[in-house]
Amino acid sequence: MIRLDDLSIFVLAVDNGSLSAAARVLNIAPAAASAGVKRLEAELGARLLARSTRSLALTQEGERYLQHARRALSDLQAGQDALALGRQAIGGEVSLSIPSDLGRSVLAGWLDDFLAEHPAVALHVRISDRLVDMFRQRVDAVVRYGAPDDSSLVALPLAPDNRRVLCAAPAYFARHGVPQTPDDLQRHNCLRLALSDTTHDQWTFHGKADTQVVRVTGNRVADDGELVRRWAVAGHGIAYKSRLDVLADLRAGHLRAALTDWQGEAAPLHLICTHRLALSPTLMRLRDVLRERIAGYLADA
């Protein structure tokens, strides 16, 4: 296999007139430069340089090969430059996975604004509440509630203090009453989310003196958070949703919060990548935009 450093030695030796001069440019010993050219010649099965103690000249085969060696080194440098430019500029294709409810109701509009601000970005969006295998599927980043189970992933906080809110339509509470304690939920129709064949039916509430975990039941389960919210707005039961998901409905009066003396489960929102090296300027800018928008959204009266 041809080594890149051997190609560099060959080209520099020709450009500088000797192997010693090439060695000085590369800050290596002359013997190492000579060994590099010999390796290259052995790999190609051809003599490239006619060399003596004081002179160096290209052979016919060396002349034919030189242009290809230059082109190979130039292409590799161009590739390096392209990667370096990609790490400095905002642009290129980005594949992003976002949760169903938050994605459609809130993030979609913010992503529109982001693309308008950065027209060099091409966005491929996947909307689903199901977990994405970032190592098998081509996804540059995911927006998800909670910290990732895989500690090798990089999670950048977007809304670290976000929590779940117990809520239902005012019409539902008018018919069935408002729960006063977490235990009261056992008498209510609870709208549940199921992901990866696991139903989220144990709801945790933190009080001033203790923490209560209640196993809830109901006649509706979905693997889509947006559908669960729609059911709640339609008055079909009580939902336990991220505050970010239901904030607009709470402000509009479509939903009403309950058990407000209790603190809901933590639901921090993160932008997650596979590695620090995957955090391109585009993703870092997207993280900043989302974090700023979320802070403003939570603060709006």
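Calculation criteria
- Residues numbered from 1 in each chain as written.
- Predicted model: local features only at pLDDT ≥ 70, side-chain atom pairs only at ≥ 80, totals over all residues.
- Heavy atoms only, no water.
- Patch = residues over 30% accessible without salt bridge, like charges linked within 9 Å, V, L, I, M, F, W, Y side chains within 5 Å.
- Areas by Shrake-Rupley, 256 points an atom, 1.4 Å probe, with all protein chains shown as cover.
- Salt bridge = Lys/Arg side-chain N within 4 Å of Asp/Glu carboxyl O.
- Helix = DSSP H or I, 4+ residues; strand = E, 2+ residues; numbered from the N terminus.
- Buried < 20%, exposed > 50% of the residue type's maximum accessible area, 1.4 Å probe, protein only.
- Pairing = 2+ DSSP bridges.
- Phe/Tyr/Trp six-rings, centres within 6.5 Å; stacked < 30°, edge-to-face > 60°.
- Lys NZ or Arg CZ within 6 Å of the ring centre and 35° of its normal.

Undergrad: I'd like a description of a nonpolar patch on the surface, backed by residues and values.
TA: A contiguous nonpolar patch, built from Val25, Leu26 and Ile28 and spanning about 220 Å² of accessible area, is present on the exposed surface. Here Val25 lies in helix H2 (residues 19-26).

Undergrad: Describe in detail the pairing of strand S5 (residues 141-145), supporting the description with residues and values.
TA: Buried residues dominate S5, accounting for 4 of its 5 residues. Taken together, the 4 bridges between S5 and strand S16 (residues 269-273) define a ladder with antiparallel strand orientation. What sits directly across from Arg144, in S16, is His270.

Undergrad: An account of the packing of aromatic side chains is requested, with residue identities and associated values reported.
TA: For the structure on display, the rule yields 5 aromatic pairs. Geometrically, the ring pair formed by Trp110 and Tyr297 is edge-to-face, given 5.9 Å between the ring centres and 80 degrees between the ring planes. Of this pair, Trp110 sits in helix H5 (residues 100-117) while Tyr297 is found in helix H9 (residues 281-299), placing the two residues 187 residues apart along the sequence. With a relative accessible area of 11%, Trp110 lands in the buried category. When the centroid spacing of 6.1 Å and the interplanar angle of 65 degrees are considered together, the rings of Tyr172 and Phe173 count as edge-to-face. Under the relative-accessibility criterion, Tyr172 is labelled buried at 2%. The ring of Tyr297 has Arg251 lying over it, and the distance from NZ or CZ to the ring centre is 5.6 Å.

Undergrad: I'd love a proper account of the sheet that holds strand S15 (residues 263-264), names of residues and values included.
TA: Pairing is antiparallel in the open sheet, where 3 strands are placed in the order S11-S10-S15. Unpaired on one side and paired on the other, strand S11 (211-215) and S15 mark the two borders of the sheet. Where strand S10 (residues 202-206) lies against S11, 5 bridges are found, and the strand directions are antiparallel. Across the sheet, residue Thr204 finds its bridge partner in S11, namely Val213.

Undergrad: Can you tell me about the pattern of salt bridges, naming the residues and giving the values?
TA: Summed over all chains, the structure comprises 19 salt bridges. Arg229 serves as the salt-bridge partner of Asp101, at 2.7 Å between the closest nitrogen and oxygen. With a gap of 128 residues between them, Asp101 in helix H5 and Arg229 in helix H7 (residues 225-233) connect regions that are remote in the sequence. Residue Arg229 is classed as buried on the basis of its relative accessible area, which comes to 11%. One salt bridge in this structure joins Asp249 and Arg229, with 3.0 Å as the shortest N-O distance.

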